[in-house]
Amino acid sequence: EIFHNLGVCYMYLKHFNKAKDQLNAALELNRHHDLTYVMLGKIHLMEGDTEKATEVYKRAVESSPENTELLTTLGLLYLQLGVYQKAFEYLGNALTYDPSNYKAILAAGSMMQMHGDFDVALTKYRVVACAVPESPPLWNNIGMCFFGKKKYVAAISCLKRANYLAPFDWKVLYNLGLVHLTMQQYASAFHFVSAAVYLQPKLGELYMLLAVTLTNLADTENAKLAYQKAAALDRYNPLVNLNYAILLYNQGDKKQAVLQYQEMAGKVSMLKESSAMELDPKMVDIAQKLGTSLQLGESSVWTKPANDPKSKQRGSSASKSSGAQPLGSNQALGQAMSSAAGYGKTIQFQPGPGVSAQQAKPPSLPLEPDPDAEPGPQEEGSGGDA
């Protein structure tokens with residue numbers, strides 16, 4: 001206990017190396033002390049090392065296989081890493097031992113939501129609402145379920161409640177901006193998206209959504225600046241360059257539009273080489289039309305259109321174009337970021353394939369499971385992070 005308490009003290013002093021040494025010493029003396037595993041896992045999460053945290057929690061589950069808190073946390077970590085099969089397995093085990101575990105129920109609902117089973121997810125959330133009716137992630141997820149069902153007024157109502165309960169949660173603000181943008185309420189969308197950007201200034205996808213909003217508000221100069229910032233922060237998401245190219249094309253700047261189109265094609269090729277992720281058919285269709293309008297011909301990167309890695313709730317729309325006809329107003333809405341249980345504290349991460357943005361992160365966004373936190377992309381989901 002002395003080693004454990006010393007480790008906890010060092011953790012709160014942010015002396016993480018000393019804290020890990022003390023906690024590991026405590027585990028050598030007693031390998032069945034669950035709280036020591038929890039604290040050690042938290043330190044790895046605070047350092048942004050999700051894989052090491054997962055290893056710690058795996059050892060903890062081997063030591064205490066019926067501890068529902070550990071099972072739920074491990075399931076959330078796998079959900080954050082995108083290993084959905086193992087996430088579902090551990091969350092299912094947690095519910096087997098404790099059917100009323102609202103964190104596990106909420107996380108399971110988030111997974112169903114990510115796969116488009118909105119009605120089943122809402123059924124899960126009704127159970128959670130009885131246990132924690134004032135959980136911001138819960139109302140965020142419910143709102144994005146209604147968004148997926150195209151019930152936008154209900155979605156805004158739920159998201160406004162989440163925003164009231166957690167006014168500084170950027171994911172809720174992002175989702176509110178997304179829904180208002182979908183409803184073509186551009187001034188309201190700008191209000192919420194700009195607030196999200198202020199709270200999370202290092203996420204490129206937020207700047208892309210801000211740029212789309214500014215484009216629809218006819219502020220093309222600031223929209224270009226927002227796209228440039230998004231491209232600088234997010235070097236993996238091809239939608240940033242696609243939307244920027246459409247804006248430049250509509251402004252008559254074909255030379256810069258061609259450069260953005262070529263950069264987008266490079267990102268798509270890189271995504272195909274580095275993972276088995278697939279592309280959204282809408283994105284592929286619009287990219288092909290833009291390529292035709294720019295007289296670039298067919299590109300080999302579009303040979304196998306499928307679903308985009310980050311297309312949980314993303315749509316990219318442009319009118320049918322041929323020759324010199326202007327392309328429609330770009331509205332790649334980004335990932336509807338839903339959350340999973342315990343996403344109250346977002347760890348630091350770099351947007352990459354699947355971010356996630358969910359991630360993000362995610363493409364779901366990374367979530368930090370915290371036994372003391374409110375249940376809830378992942379999250380994005382897309383936080384369910386949507």
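See above for the structure.
Residues numbered from 1 in each chain as written. Predicted model: local features only at pLDDT ≥ 70, side-chain atom pairs only at ≥ 80, totals over all residues. Heavy atoms only, no water.

Undergrad: Please explain a nonpolar patch on the surface as it appears in this structure.
TA: On the surface, a nonpolar cluster with roughly 420 Å² of combined accessible area is contributed by Ile 2, Phe 3, Leu 6 and Leu 29. Along the chain, Ile 2 falls in helix α1 (residues 2-12). Ile 2 gets classed as exposed once you look at its relative accessible area, which sits at 66%. (Patch = residues over 30% accessible without salt bridge, like charges linked within 9 Å, V, L, I, M, F, W, Y side chains within 5 Å. Areas by Shrake-Rupley, 256 points an atom, 1.4 Å probe, with all protein chains shown as cover. Salt bridge = Lys/Arg side-chain N within 4 Å of Asp/Glu carboxyl O. Helix = DSSP H or I, 4+ residues; strand = E, 2+ residues; numbered from the N terminus. Buried < 20%, exposed > 50% of the residue type's maximum accessible area, 1.4 Å probe, protein only.)

Undergrad: I would appreciate a short explanation of helix α7 (residues 102-114) in the present structure.
TA: Residue pairs three or four apart in sequence face the same way in an α-helix, which turns once every 3.6 residues. For α7, built from 13 residues, the straight-helix expectation of 18 Å at 1.5 Å per residue is met to within 8% by its first-to-last C-alpha distance of 18 Å. Where burial is concerned, most of α7 is hidden: 12 out of the 13 residues are buried. Taken together, the buried positions of α7 are occupied by Lys 103, Ala 104, Ile 105, Leu 106, Ala 107, Ala 108, Gly 109, Ser 110, Met 111, Met 112, Gln 113 and Met 114. Where the residues of α7 are buried, they touch α5 (68-81), α6 (84-97), α8 (118-131) and α9 (136-148). Two or three places before Lys 103, at the start of α7, stands the capping residue Asn 101, its side-chain oxygen 3.2 Å from that residue's backbone nitrogen. Backbone geometry just after α7 places Gly 116 at a positive phi near 85 degrees. (Expected span 1.5 Å × (residues − 1). Contact = heavy atoms within 4.5 Å. Polar contact = N/O pair within 3.5 Å; in protein donor to acceptor, adjacent residues only side chain to side chain.)

Undergrad: I would appreciate a short explanation of the nonpolar core in the present structure.
TA: Across soluble globular proteins, you tend to see nonpolar side chains buried next to one another. Counting residues in each nonpolar core, the largest one holds 68 residues, and the members touching the most others are Tyr 125, Ile 142, Leu 206, Tyr 227, Leu 242, Leu 290 and Leu 294. Examining the composition of this core, we find that 9 residues originate from one element, helix α15 (residues 238-250), more than from any other. (Core = buried A, V, L, I, M, F, W, Y, C linked by side-chain atoms within 4.5 Å.)

Undergrad: Is there a simple way to think about the packing of aromatic side chains in this case?
TA: How two aromatic rings sit relative to each other is set out by the distance from centre to centre and by the angle between their planes. Within this structure, the stated rule accounts for 3 aromatic pairs. Each ring, one from Tyr 78 and one from Tyr 90, has its centre 5.7 Å from the other, and the planes form 10 degrees; the classification is stacked. Of this pair, Tyr 78 sits in helix α5 while Tyr 90 sits in helix α6; the two residues are 12 residues apart in sequence, bridging distant segments of the chain. For Tyr 78, a relative accessible area of 6% corresponds to the buried category. Note on Tyr 227 and Tyr 244: the rings are 5.3 Å apart at their centroids and 20 degrees apart in plane angle, and the pair reads as stacked. Separated by 17 residues along the polypeptide, Tyr 227 in helix α14 (residues 220-233) and Tyr 244 in helix α15 bring together distant segments of the chain. The same class applies to Tyr 227 as to Tyr 244, namely buried. (Phe/Tyr/Trp six-rings, centres within 6.5 Å; stacked < 30°, edge-to-face > 60°.)

Undergrad: So what exactly am I meant to see when it comes to the packing of α9 against helix α11 (residues 170-182) here?
TA: Helix packing for two helices is described by the angle between their axes and how far apart those axes are. Orientation of α9 relative to α11, taken along the N-to-C sense of each, is 20 degrees, at an axis distance of 11 Å. When the axis of α9 is compared with that of α11, the two are roughly parallel. Here α9 and α11 pass one another in a crossing that is left-handed. The segment α9 lies against α11, with Asn 140, Met 144 and Phe 147 engaging Lys 171, Val 172, Asn 175, Leu 178, Val 179 and Thr 182. Residues of the contact of α9 with α11, tallied by class, amount to 5 nonpolar, 3 polar and 1 charged. (Axes fitted to C-alpha atoms, helices over the stretch in contact; angles between N-to-C directions. Parallel < 35°, antiparallel > 145°, perpendicular 65-115°, else oblique. Left-handed = near helix turned anticlockwise from the far one by under 90°. Nonpolar A, V, L, I, M, F, W, Y, C, P; charged D, E, K, R; others polar.)

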